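# Observations on chain architecture
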Amino acid sequence: MQRFWGEIMTNRTILLQNGVGMPQLGLGTWQVPDAAAERSVEHALRFGYRHIDTAVAYENESGVGRGLKRSGVGRGEVFLTSKILAECKNYGETKRMIDCSLRALGTDYLDLMLIHAPRPWDEMGDDNGYRYEEENAAVWRALEEGYTAGKFRAIGVSNFEIDDLRSLMRRCSIPPMVDQVRAYAGEIPWELLEFCRTNRIAAEAYSPLATGGLLKRGELAAIAEKYGVGVPQLCIAYVMQLGMIAIPKAVSPAHIEENTELGFTISEDDMRALAAL
Ligand SMILES: NC(=O)c1ccc[n+]([C@@H]2O[C@H](COP(=O)([O-])OP(=O)(O)OC[C@H]3O[C@@H](n4cnc5c(N)ncnc54)[C@H](OP(=O)(O)O)[C@@H]3O)[C@@H](O)[C@H]2O)c1
């Protein structure tokens, strides 16, 4: 089995290229309203999660911040990620958004700040469209300054393909440390993962359950049964065993808890079956 960039340590932390440790399992919060985000973040942190993923676009940073405070877990123990709006493609607006994000989350630093997408969402499907290369470089410069000023412990991107990464890496002073991309059983961007491995960019899998779409697949239930786990745990363990960081979203307290039951190793044969799904 191929293993991608990032060393899995005993406490399941991925070491980023600047030496910062990023917990390999986190809690996703997309489509979670502000008040519900407060509850799920509080529950997850009390239960033992140490990594939360949010974004300006999710409109729940305040709730995430309140959940963090209510959990009683120290700020320094939690890895917190947010993302600059995909539609924000200039330096000044990014600087303002950074400060708004920190204020909403009630913190003076983030562990990771990402550019949410290389292009505004309504242009993402257009392969021949404008690439926003200079604009992403300007947004990145604001992130680099935030990093240097201690507002971020790491900086990265999301939904960037190889060409987007190459373009940014030609223009940046500090290279991206993470690329958060859609990845789940049957839908792994293998070439991109190889590019990330070669360039020491940690690959983070979003939607590891295909936003719930994988949960009803009968062939997955049969594989999961061999390990005495459910389909969600199998799918989360799969992307983690590929060396990726996983951020399953759950609001149900039972789901939040179940998704940490990952103490098993998927066989080579089953890894191949999951890749071929
Ligand atoms: N960067 C990006 O552009 C981007 C895009 C998409 C997602 N993301 C990030 O990735 C995170 C995860 O992706 P996602 O939100 O698409 O969804 P996902 O994690 O693939 O799936 C979430 C769905 O699975 C259900 N679920 C979770 N654990 C379960 C369990 N143990 N048993 C049964 N059902 C379970 C959840 O239900 P309940 O909620 O009811 O518990 C929810 O309906 C997002 O929340 C976000 O933080 C980033």
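Only a predicted model underlies this, so the values are computations on that prediction, with no experimental measurement involved.

## Observations regarding the overall build of the protein chain
Along the protein chain, the regular secondary structure elements total 10 helices and 10 strands. Over its C-alpha trace the protein chain gives a radius of gyration of 18 Å, about what one expects of a compact globule, namely 19 Å for 277 residues. Referenced to the eigenvectors of the C-alpha coordinate spread, the extents of the protein chain come out at roughly 55 × 45 × 35 Å. For the protein chain, the accessible surface area stands at approximately 11800 Å², while carbon and sulfur atoms represent 50% of it. Separation of charge centres in the protein chain, based on 30 positive and 38 negative side chains, amounts to 4 Å.

## Some thoughts on helix α4 (residues 133-148)
The α-helix advances 3.6 residues per turn, and as a result positions three or four apart in sequence lie on the same side. For α4, spanning 16 residues, the distance from its first C-alpha to its last is 22 Å, which sits close to the expected 22 Å at 1.5 Å a residue. Within α4 the residues assigned to the buried category are Asn136, Ala137, Ala138, Val139, Trp140, Ala142, Leu143, Glu144 and Gly146. Close packing links the buried residues of α4 with β5 (79-84), α3 (91-105), β6 (112-115), β7 (155-158) and α5 (162-171). Once α4 finishes, glycine 150 follows within two positions and takes phi at roughly 85 degrees, a positive value.

## Quick word on the layout of surface pockets
Empty space within the largest pocket amounts to approximately 620 Å³. Lining the largest pocket are 29 residues; nearest its centre among them are Trp30, Gln31, Ser207, Thr211 and Lys249. The residue inventory of the lining of the largest pocket, partitioned by class, reads 14 nonpolar, 12 polar and three charged. Size it by volume and the second largest pocket reaches roughly 380 Å³. For the lining of the second largest pocket, the secondary structure elements donating two or more residues are β8 (178-182) and α6 (190-198). Looking at the lining of the second largest pocket element by element, the count peaks at three residues for α6. Here the residues of the lining of the second largest pocket sort into nine nonpolar, one polar and six charged.

## Structural notes on the site of the ligand
With respect to spatial proximity, 29 residues lie near the ligand, and among them Asp53, Ser207, Thr211, Lys249 and His255 are the closest. A distance of 3.5 Å separates a nitrogen atom of the ligand from a polar side-chain atom of tyrosine 58. A distance of 2.9 Å separates a nitrogen atom of the ligand from a polar atom in the side chain of glutamate 258. Out of a free accessible area of 900 Å², the ligand has 87% covered by protein chains. Here the ligand is seated within the largest pocket.

## Some thoughts on the packing of α5 against α6
Interhelical geometry of α5 versus α6 gives an angle of 25 degrees and a closest axis separation of 10 Å. Classified by the angle between their axes, α5 and α6 sit roughly parallel to one another. Mapping the contact onto sequence places Ile162, Leu165, Arg166 and Met169 in α5 and Glu191, Leu192, Phe195 and Cys196 in α6. Here the residues of the contact of α5 with α6 are counted per class, giving six nonpolar, no polar and two charged.

## Observations regarding the pairing of strand β9 (residues 202-206)
Within β9, five of the five residues are buried, which leaves it mostly tucked inside the rest of the structure. The alternating pattern of β9 places Ala202, Glu204 and Tyr206 and Ala203 and Ala205 on opposite faces, both of which are buried. Where β8 and β9 come together, five bridges link them in parallel fashion. Its bridge partner being in β9, valine 178 is matched across the sheet by alanine 202. Chirality of the crossover, the property in question, places the unit of β8, α6 and β9 among those that are right-handed. Examined bridge by bridge, β9 and strand β10 (residues 245-246) share two bridges and lie parallel to one another.

## What about the nonpolar core?
Counting 87 residues, the largest nonpolar core has Leu143, Tyr238 and Met244 as the members making the most contacts within it. The element best represented in this core is helix α8 (residues 231-241), accounting for eight residues. Leucine 143 has contacts with Ile84, Thr94, Ile98, Met113, Leu114, Ile115, Phe152, Ile155 and Gly156, leaving out every residue within four places of it along the chain.

## Quick notes on the sheet that holds β7
Within the open sheet, the eight strands sit side by side as β3-β4-β5-β6-β7-β8-β9-β10. Their pairing is parallel. Whereas interior strands pair on both sides, the edge strands pair on one side only; in this sheet they are β3 (27-28) and β10. Examined bridge by bridge, β7 and β8 share two bridges and lie parallel to one another. Following the sheet pairing, serine 158 is matched in β8 by glutamine 180. Here α3 sits on the sheet in contact with β5 and β6, set at roughly 140 degrees to β5.

Quick notes on the rules
Residues numbered from 1 in each chain as written. Predicted model: local features only at pLDDT ≥ 70, side-chain atom pairs only at ≥ 80, totals over all residues. Heavy atoms only, no water. Helix = DSSP H or I, 4+ residues; strand = E, 2+ residues; numbered from the N terminus. Rg over C-alpha atoms; globule rule 2.2 N^0.38 Å. Areas by Shrake-Rupley, 256 points an atom, 1.4 Å probe, with all protein chains shown as cover. Lys, Arg positive; Asp, Glu negative; His and termini not counted. Charge placed at Lys NZ, Arg CZ, Asp CG, Glu CD. Expected span 1.5 Å × (residues − 1). Buried < 20%, exposed > 50% of the residue type's maximum accessible area, 1.4 Å probe, protein only. Contact = heavy atoms within 4.5 Å. 1 Å grid on protein atoms, 1.4 Å probe; cavity = no way out; pocket = protein on both sides within 12 Å on 5 of 7 lines; lining within 4 Å. Points joined across faces, edges and corners; volume = space filled by probe spheres on them. Nonpolar A, V, L, I, M, F, W, Y, C, P; charged D, E, K, R; others polar. Near = heavy atom within 4 Å. Polar contact = N/O pair within 3.5 Å; in protein donor to acceptor, adjacent residues only side chain to side chain. Sits in = over half its atoms within 2 Å of the grid points. Axes fitted to C-alpha atoms, helices over the stretch in contact; angles between N-to-C directions. Parallel < 35°, antiparallel > 145°, perpendicular 65-115°, else oblique. Pairing = 2+ DSSP bridges. Right-handed = clockwise from strand over helix to strand, strands pointing away. Core = buried A, V, L, I, M, F, W, Y, C linked by side-chain atoms within 4.5 Å.

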